[in-house]
Amino acid sequence: LRISPEEGLEVVVPRRYNPERVQRLLQEKKTWIIRNTKRFEEDRRRKILEQATLPEVIHLPALGETWNVRLEKGNQTGVYLCEEGHATLSIRGAIRKIPDCHHALRKWLARKAKVYLPVRLQAMARKHELSFRKTVIRGQKTLWGSCSSRGTISLNYKLLFIEPKMVDVILLHELCHTRHRNHSTRFWTLMEE
């Protein structure tokens, strides 16, 4: 059984599989199917709501910053975002294009993360005598971070939305993966140390 927001429920049946067993399997997995279908529907509704609105305030606990968001309708066909002082973001131009405004905000968050996260990661690496090759900032949907076999640590700009102590735990987790590429006992021992 596979279930996804795009395809819904998919039942893959091997050749010569008894069709009566499929019905039994579906009945046995009914709770799982309903739970995931509801979750996908809630995610879809949330995304629709997010796509129709823009935040008035953006809290970035990792940085200890709160930004007020100001919208200024303009004659431009594009959307432009700029910082005004230390606490106000101004989104100007075609502000009715909500997806374009979201795109501008994501780019701004990624820029903020590129300034903060690599510096924090480097400090943590020095403190714990761990090393990595480089840092990449991304907007992964399901990961806070990852570490490649070549020592590149990818971090999610959404880390800016969590508390600094939790950011440090995630950074340390990825740094420990530079030594141990799995979640073995040795990995967790290194994390504890």
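Residues numbered from 1 in each chain as written. Predicted model: local features only at pLDDT ≥ 70, side-chain atom pairs only at ≥ 80, totals over all residues. Heavy atoms only, no water.

### Focus: the overall build of the protein
Consideration 1: Secondary structure assignment for the protein yields 5 helices and 9 strands.
Consideration 2: The N-to-C order of helical and strand elements in the protein reads β-β-α-α-β-β-β-β-α-β-β-β-α-α.
Consideration 3: For the protein, the C-alpha radius of gyration of 22 Å lies well beyond 16 Å, the compact-globule estimate for 193 residues.
Consideration 4: Expressed along its principal axes, the backbone C-alpha trace of the protein runs to roughly 70 × 50 × 25 Å.
Consideration 5: Counting all 193 residues of the protein, 35% fall into the buried class. (Helix = DSSP H or I, 4+ residues; strand = E, 2+ residues; numbered from the N terminus. Rg over C-alpha atoms; globule rule 2.2 N^0.38 Å. Buried < 20%, exposed > 50% of the residue type's maximum accessible area, 1.4 Å probe, protein only.)

### Concerning the side chain of His173
Consideration 1: Mapped onto the elements of the fold, His173 is located in helix H4 (residues 164-176).
Consideration 2: The exposure class assigned to His173 is buried, which follows from its relative accessible area of 17%.
Consideration 3: With residues near it in sequence (within four places) discarded, His173 still touches His183, Phe187, Trp188 and Met191. (Contact = heavy atoms within 4.5 Å.)

### Concerning the sheet that holds strand E4 (residues 65-73)
Consideration 1: Pairing is mixed in the open sheet, where 4 strands are placed in the order E3-E4-E6-E5. With partners counted over all chains shown, the strands left at the sheet margins are strand E3 (57-60) and strand E5 (79-84), one partner each. Taking each pair of neighbouring strands and ignoring which way they run, the sheet shows an average axis angle of 25°.
Consideration 2: Note: E5 against strand E6 (residues 88-93), 6 bridges, orientation antiparallel. (Pairing = 2+ DSSP bridges. Axes fitted to C-alpha atoms, helices over the stretch in contact; angles between N-to-C directions.)

### Focus on the environment of Thr37
Consideration 1: With respect to the helices and strands, Thr37 occurs in helix H2 (residues 30-52).
Consideration 2: Taking the relative accessible area as the measure of exposure, Thr37 reaches 41% and is therefore partly exposed.
Consideration 3: For Thr37 and Gly74, which are 37 residues apart along the polypeptide, the C-alpha to C-alpha distance reads 41 Å.
Consideration 4: Within polar-contact distance, the side chain of Thr37 engages the backbone oxygen of Ile33 at 2.7 Å. (Polar contact = N/O pair within 3.5 Å; in protein donor to acceptor, adjacent residues only side chain to side chain.)

### A short note on the packing of helix H3 (residues 98-127) against H4
Consideration 1: Packing of H3 against H4 leaves a shortest axis separation of 10 Å and a crossing angle of 65°. For the element pair H3 and H4, the recorded crossing hand is right-handed. Taken together, the residues of H4 that come into contact with H3 (itself represented by Tyr116, Leu117, Arg120, Leu121, Met124 and Ala125) are Val167, Asp168, Leu171, Leu172 and Leu175.
Consideration 2: Class assignment for the residues of the contact of H3 with H4 results in 9 nonpolar, no polar and 2 charged. (Left-handed = near helix turned anticlockwise from the far one by under 90°. Nonpolar A, V, L, I, M, F, W, Y, C, P; charged D, E, K, R; others polar.)

### Here's the deal with unusual backbone geometry
Consideration 1: Although it is not a glycine, Arg16 sits at a positive phi angle of roughly 65°.
Consideration 2: Residue position: Arg16 is located in the loop between strand E2 (8-10) and helix H1 (19-28).
Consideration 3: Classification of Arg16 as exposed rests on a relative accessible area of 85%.

### Topic: the nonpolar core
Consideration 1: Among the nonpolar cores identified, the biggest contains 44 residues, and Ile58, Ile91, Trp108, Leu117, Leu155, Val167 and Leu175 are the most heavily contacted of them.
Consideration 2: Elements supplying a minimum of two residues to this core: E3, E4, E5, E6, H3, strand E9 (152-156), H4 and helix H5 (185-192).
Consideration 3: Element by element, the count of residues in this core is highest for H3, at 13 residues.
Consideration 4: Contact partners of Ile91, with chain neighbours within four places excluded, come to Val69, Arg70, Leu71, Glu72, Val79, Tyr80, Leu81, Cys101 and Leu105. (Core = buried A, V, L, I, M, F, W, Y, C linked by side-chain atoms within 4.5 Å.)

### Comments concerning the packing of H4 against H5
Consideration 1: The geometry of H4 relative to H5 is characterised by a closest axis approach of 10 Å and an angle of 135° between their N-to-C directions. With respect to each other, H4 and H5 are oriented oblique. Relative to H5, the crossing made by H4 is right-handed. Of H5, the residues touching H4 (which contributes Val169, Leu172, His173 and Cys176) are Phe187, Trp188, Leu190 and Met191. (Parallel < 35°, antiparallel > 145°, perpendicular 65-115°, else oblique.)

Function cannot be inferred from these measures alone, as they are strictly geometric.
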